[in-house]
Every structure is written in structure tokens, then in C-alpha cells.
Amino acid sequence: MARSMEKYLRPEVKTTPFCPGCGHGVLMGSLLRAIDQLGLDMKNTLFVSGIGCAAWIPSPNFAADTLHTLHGRAVAFATGAKAANPDLKVIVISGDGDLASIGGNHLIHAARRNLELTVICANNMIYGMTGGQMAPTTPQGHLTATSVQGNPYRPFDLVKLVKGAGAPYVARGAVTRPYELIGYLKKAIASPDFAFVDVLSPCPTQYGRRNKLDSAGAMYERLRGLCQESAEGTCAPGDAGDSLRLGEFND
Amino acid sequence: MPLRTVTNPVKAGSRYLSGNDAAAEGAIAAGCRYYGGYPITPSSEIMEYMSRELAPRGGAFMQMEDEIASISSVVGASWTGSKAMTATSGPGLSLMQECLGYAAFTETPVVLVDVQRAGPCTGQATKVGAGDLMAVKWGSHGDYQVVALSPWSVQEMFSLTVEAFNLSERLRVPAFLLAEEATGHLRERVDLPESLEIYDRDYQPHEPPFGCDEPDGIPSMPRFGDGENLLVTGSTHDRWGYRKTEGPAFHDALVRRLSQKVLSRKAEICRHEGYYLDDAELVVVAYGFTARAALRAVRQARRGGLAVGLLRLITIWPFDDELIRRVAQGAKGFLVPEMNLGQVDGLVRSAAGDTPVKSLTQVNGSTISPASILAALGEMR
């Protein structure tokens, strides 16, 4: 983490919980830069997370109020906090398993209600902390601890899911493109509506080693390859098709 | 002082109310300003009342997508400083159990009104039961304590809801109003006071929010936005909220403190009423709606020459086993009528020593009649 971002971190926390090559550190840095550029008042900002690797991004690292909740329930906790104190800026950050599987119902209903919440999904397409099991975002055919012959199911396209549930601001970024990501995060945080950012983040430890991407570098190269510059300066669909399209998806 | 006398914000005087409406008015009177819930029979009128009354008072109402979301939102709201509540019935209570453990472990004040119906499972949604007594105390994993109060009248649906808030805020524990369908849907006259005592959360700036030096102590509780950089986590945590899952002695001390902060205060938490106990040979131990039938049966038995008394438990959790032990010294037998298969009977038995205990159980979706209790007393002579 750059020294300029240290003011947002608790000095008592000396180590990162993330594995080597994990994208969540880049996401964490991007989020803090977005917060810094917005000049957000951390005293009035609440970070809510669920369970899993991504839930550790705010808790215990951020020097702010953090609510580290139950698996899948972060959005529901955040809804109560925001409704009871609308002056709080409430940012939920959790993983794809947490937000889209066990917490999928809360995610779509929060999008439908359009309460002012920012939800950031650190999407590594696998269950990292529990040992690499299949997630609702794991691409079809890919290998996990619970799909050793390849995931037989279609993955969720979280952008379409949340958009379909009514969220006015939805974006997908990747940790390989941090400057665009910071822009999406800034817009999401500044939004007066429910805003969702799906962030592709490599997991070399659980995902990479099972899918012949046995180095962090190989995973980042693949993620870069999924996204090409389009004429408009944003990302065009890459080789994984529409389900990994990056960019903003406004009304 | 956190305890203060306030003017009752709901209309004082004699009113004719249902139990569910009285519980909702009790919540408003106690200062509840957040309600998150999901409709379920026979508790829904509480939610409907809160949906009407909270917004005009500056509070917030959320109809959530399920009961898991409901209690989760209540915990989130509570940490913003709002007194917060949900209401439910059996199946909803089952769904809330994981977060009930979260609330207990993070010392979050929340009030849950459980208007019990006949279970298990969907059971009889519109019929009465009292089968949730063990579920409210033992339903979530691990060891923790809650407070549960058992009203027998619409009057107490109001007053014990206020008390549930006061205990929850003071002890930083989940507190239950453990009612039954019969009381929730009962309509009777209630005297609502002009003023009442309510407890406001104790917040001492810069004190650790999750620990204190006493092995049964209750730490002060800040809010989100107070600038305390709160770390709230369901993992084992130190007094500042930092995750600390190493060290068996540390976890042991934390779990014991959370239990002891309730158990060591039994004397001030536990309430009961005694009727005709001075010379009673047989004692009916009853709670909730069943205690109404029990009192009538006891009076009828007295007229028939039986030396019978009623011990009405108002506080169910923590369970006042010392009270049972005391009453057992002068009694020849206990009768425990319940709308379940003997959930409190076991507790009475374990405290009663050599005094025999007879259990009268009924799980048919109807209230227990005075005649049934009278007949059971007759068999005990």
C-alpha cells in the first residue's frame, strides 16, 4: 500500500490476510484511492462485509467503523444501518460467494429497493477462504474442489443480475485496470442510489492452481486478455464473451 | 443516568387494544426507532403498526425479504444508536437463530417479539402454542444468554415490551417478549401510563466497546459515526473488537463474561408473581397465557378446599431456579401446565429436588383450560 493511503489504515494492523498474487490488495488500494479522491469523511462512513477473503478488505484494516457480519448477510445489516441513520455513507464489500450465493436474495432486494448503498463484489469466481469450492460465478467447465470434472453450471453474470433487479448504477472493473476501477468506485460511492461494482480479482492460490494458471502472473495475463480497449476508450467484450464485459452499465 | 422518566409518547389512559398492538405501542413508548421485519402469522399486526407509526416519529421501518434479513438489519440499525426491534413467530424465529448468536456475541441490544404458534415446522399458523421456549435460549450455536419475558395479558404486552427494551439496552443482550398467539390476538382493556421509565444506552467516549475488567461486566456502547472506529465482528474479539481467535483462555473468558453478565444479575432481572403460596401444598408453576387458566383453576380448587397456589413466571430466561428451590421447600408437589411437551417442566424438575413434579402438556393448538388444570390438581391429592 502506498504511504499516502496509510492514513486510512489502522496502525495496529501489520499484516495482510491476502495470499501472494491475490487481487484483493489492489482492490483495497483502489477503493482507498477512490475514497481519498472523493474526500469522503471516514468518520461518517460505515464499511460492512460478510465472511470470506474479501470481507477482510475493510475489517480490520480500515480506520473507520466496520461491521464484519455473517456469511451472506452484509447487505441486510447495511440496509438496517442505512435506514436507521441515512447520514451514514454505507459501503458493503464482500466476495462473490458471499454476495451472490448465500446472500443473493439480499443483493437483488437491496437493488430493487434502491436504498443508497454501495456494494462492491470482489469477484474471484471461487470460494477462496474455505478451500476453493465452486462459486455461482465459476465459469462453466472450470475446475474447483467441488467440481473436479469441471463446473457443469452457467455462472451468474452479476452485472445483469443486479441491473435486472433495478440498480441504477452498475459497473464491472478488474484489478488489472485500476485506474478505470477507481473511476467506477468513485461513481458508485458518490451515487445517491444503490450502486454495484463487480470487480474481477484473481485468486492464484485456489483458482489458478486448479485451472493450469499456476502463477499470479499467468492469472493477471489471462484477466488482461479478457478485456480489450474499444474505440470509446472503455472495454469491449473479451474472449470470454459478454459475461466478462467490463465497463459501466447505466440506465 | 441512563434510566430516565419520559412522558409516554403513545396515547395514555384506558384503551381497548389487542396484544400485538399493545406490544407495538410498548416499543414506541420504549423509544424503538427502527423496525425490520417479515410478515408471519400471528405476529404481523405488530409489523403493520410499526409501518404506520415509526416514520411520523422520525424512525425507520423496513419490510425485509426474509427473517434472516430482518434481524440482520435490526443489528445493523442498533449499532447506529437506534433502539431496534423485530417480531416473528416459530418458523421465522428458526431463521433468525444464526444472527441471534451474532447479536449475543457482539453484545448488540435487540428486541424480538415472538408470538408463538403451534409447531414444529409450519405447524398450525393461526393456532396457539408455547413451543419456542428452548429455541429462544438454545437455538443458536455456542453458549450465550438471552432475556425472555412472558406476558399473560395485553397490559403486559405493553409493559414487558418496555422492560425488554430496558433490559436489552442495559445488558447489551437480545431480549425476547415471548408471547403466545392467544395473548397477541387477545383484546382487553389496558391502562397506558402518562409516563414511564426507559433506559438509554450507556456510551462513554473512548472506552473499549467489547470488554471491561469485571468478569461479568457490561462495556459501554458507542454508535457508528461517533468517531470511535468501531470494529464489530462475529469472530472472537478483544475488548477493542480486534479479531483474536488464538488462545483458549481468551475465548473461554469472553464466552463466560457474556454469560455471567446476565446470570450474575438474575436477582434484578427475574420477576415472578405468587398467588395463594403462603399455605400452598400444591403449587402450579405457569407462565404466559396458560397462567390465566392456572389462576382460575387455583381459585376453583381453593373453593373446593385444596391448598393450592400459583407461581407465575414472568421472566423465563434467565431461569430462576433459586425461586423454584425456595418454593419447593414448602410444597408437596408442583404442577407445570404448558402448551408444549414439557419445556419448563424439565427446568422445574431439576430445581425442585425431592419435591415431585407433574407435567400437564397440550400441543393441539388450543389453550389449556382451567378444567384440565383443575383435573390434574385433583389427581395429585
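Residues numbered from 1 in each chain as written. Chains lettered and ligands numbered in written order. Predicted model: local features only at pLDDT ≥ 70, side-chain atom pairs only at ≥ 80, totals over all residues. Heavy atoms only, no water.

- Looking at an unreviewed UniProt entry, one finds chain B named 2-oxoglutarate ferredoxin oxidoreductase subunit alpha, with Desulfoferula mesophila as its source organism.

- Naming follows an unreviewed UniProt entry, where chain A appears as 2-oxoglutarate synthase of Desulfoferula mesophila.

## Here we look at the packing of helix H2 (residues 74-84) of chain A against helix H3 (residues 67-78) of chain B
At step 1: Across the interface, H2 of chain A lies against H3 of chain B with an axial gap of 6 Å and an inter-helix angle of 50 degrees. Regarding the angle of H2 of chain A to H3 of chain B, the classification is oblique. Considering only the axes of H2 of chain A and H3 of chain B, their crossing is right-handed. Two secondary-structure elements touch here, H2 of chain A through Ala76, Phe77, Gly80, Ala81 and Ala84 of chain A and H3 of chain B through Ala69, Ser72, Ser73, Val75, Gly76 and Ala77 of chain B.
At step 2: By residue class, the composition of the contact of H2 of chain A with H3 of chain B is seven nonpolar, four polar and no charged. (Axes fitted to C-alpha atoms, helices over the stretch in contact; angles between N-to-C directions. Helix = DSSP H or I, 4+ residues; strand = E, 2+ residues; numbered from the N terminus. Parallel < 35°, antiparallel > 145°, perpendicular 65-115°, else oblique. Left-handed = near helix turned anticlockwise from the far one by under 90°. Contact = heavy atoms within 4.5 Å. Nonpolar A, V, L, I, M, F, W, Y, C, P; charged D, E, K, R; others polar.)

## So, the sheet that holds strand E17 (residues 333-338) of chain B
Residue and element names in this part refer to chain B.
At step 1: Reading across from one edge, E13-E15-E14-E17-E18 is the order of the five strands in this open sheet, with mixed pairing throughout. Each of the sheet's edge strands pairs with one partner strand only, and the pair in question is strand E13 (272-275) and strand E18 (357-361). Averaged over all adjacent pairs, the angle separating strand axes in this sheet is 20 degrees, with direction ignored. (Pairing = 2+ DSSP bridges.)

## What to know about the pattern of salt bridges
At step 1: By the definition in use, this model includes 33 salt bridges over all chains.
At step 2: Close ionic contact of Lys7 of chain A with Asp36 of chain A constitutes a salt bridge, the shortest N to O distance being 3.2 Å. Of this pair, Lys7 of chain A sits in the segment before helix H1 (24-38) while Asp36 of chain A is found in helix H1, placing the two residues 29 residues apart along the sequence.
At step 3: We note a salt bridge from Glu107 of chain B to Arg257 of chain B, for which the minimum N-O separation is 2.6 Å. In this pair, Glu107 of chain B is assigned in the loop between helix H4 (90-105) and strand E6 (110-118) and Arg257 of chain B in helix H8 (residues 248-263), connecting sequence segments 150 residues apart. (Salt bridge = Lys/Arg side-chain N within 4 Å of Asp/Glu carboxyl O.)

## A word on helix H10 (residues 290-303) of chain B
Residue and element names in this part refer to chain B.
At step 1: The end-to-end C-alpha distance of H10, which contains 14 residues, comes to 20 Å, matching closely the 20 Å that a straight helix rising 1.5 Å per residue would cover.
At step 2: Residues of H10 that are buried include every one of Thr290, Ala291, Ala293, Ala294, Leu295, Ala297, Val298 and Ala301, and no others.
At step 3: Elements that come into contact with the buried residues of H10 comprise E13, strand E14 (282-287), strand E15 (308-313), E17 and helix H13 (370-380).
At step 4: Positive phi appears at Gly305, one or two residues downstream of H10, with a value of about 95 degrees. (Expected span 1.5 Å × (residues − 1). Buried < 20%, exposed > 50% of the residue type's maximum accessible area, 1.4 Å probe, protein only.)

## Notes on the sheet that holds strand E9 (residues 247-248) of chain A
At step 1: Reading across the sheet, the eight strands line up as E9(A)-E5(A)-E6(A)-E4(A)-E3(A)-E1(A)-E2(A)-E12(B) and stay open at both edges, with mixed pairing between neighbours. Here the strands that pair on one side only, and so sit at the sheet edges, are E9 of chain A together with strand E12 (231-233) of chain B.
At step 2: By the bridge criterion, two bridges tie strand E5 (residues 169-174) of chain A to E9 of chain A in an arrangement that is antiparallel. When the sheet's bridge partners are listed, Arg172 of chain A is paired in E9 of chain A with Gly247 of chain A.

## Here we look at helix H6 (residues 178-190) of chain A
Residue and element names in this part refer to chain A.
At step 1: End to end, H6 covers 18 Å across 13 residues, agreeing with the expected 18 Å (1.5 Å per residue, within 8%).
At step 2: Those residues of H6 lying buried are Leu181, Ile182, Tyr184, Leu185, Ala188 and Ile189. Viewed end-on, H6 has its buried residues packed into an arc of 165 degrees, placing them on one side of the element. Residues of H6 that are exposed and angled more than 90 degrees away from the buried face: Tyr179 and Ala190. (Arc of directions from axis to C-beta.)

## Notes on the packing of aromatic side chains
Aromatic ring pairs are reported here in terms of the distance separating the ring centres and the angle at which the planes meet.
At step 1: Within the structure shown, the criterion is met by six aromatic pairs over all chains.
At step 2: When the centroid spacing of 4.9 Å and the interplanar angle of 80 degrees are considered together, the rings of Phe47 of chain A and Phe62 of chain A count as edge-to-face. A residue pair is termed long-range when its members are at least 10 positions apart, and Phe47 of chain A in strand E1 (residues 45-49) and Phe62 of chain A in the loop between E1 and strand E2 (65-68) qualify at 15 residues.
At step 3: Taking 5.7 Å as the distance between ring centres and 45 degrees as the angle between the ring planes, the aromatic pair formed by Trp79 of chain B and Phe210 of chain B counts as tilted. Here Trp79 of chain B is found in the loop between H3 and strand E5 (83-88), whereas its partner Phe210 of chain B is found in the loop between strand E11 (195-199) and E12, with 131 residues between them in sequence.
At step 4: Looking at Trp79 of chain B, the relative accessible area reads 0%, which means it is buried. (Phe/Tyr/Trp six-rings, centres within 6.5 Å; stacked < 30°, edge-to-face > 60°.)

## Things to note about the nonpolar core
At step 1: Grouped together as the largest cluster of nonpolar side chains are 158 residues, with contacts concentrated most on Phe194 of chain A together with Tyr34, Met50, Met85 and Phe334 of chain B.
At step 2: The dominant element in this core, judged by the number of residues it contributes, is helix H6 (residues 154-171) of chain B, at nine residues.
At step 3: Filtering out sequence-adjacent residues up to four positions away, Met85 of chain B remains in contact with Ala27, Cys32, Tyr34, Tyr35, Gly36, Ile46, Met50, Val74, Val111, Val113 and Phe165 of chain B.
At step 4: Listed in part, the 48 residues of the second largest apolar core include Ala34, Ile120, Met125 and Ile189 of chain A. (Core = buried A, V, L, I, M, F, W, Y, C linked by side-chain atoms within 4.5 Å.)

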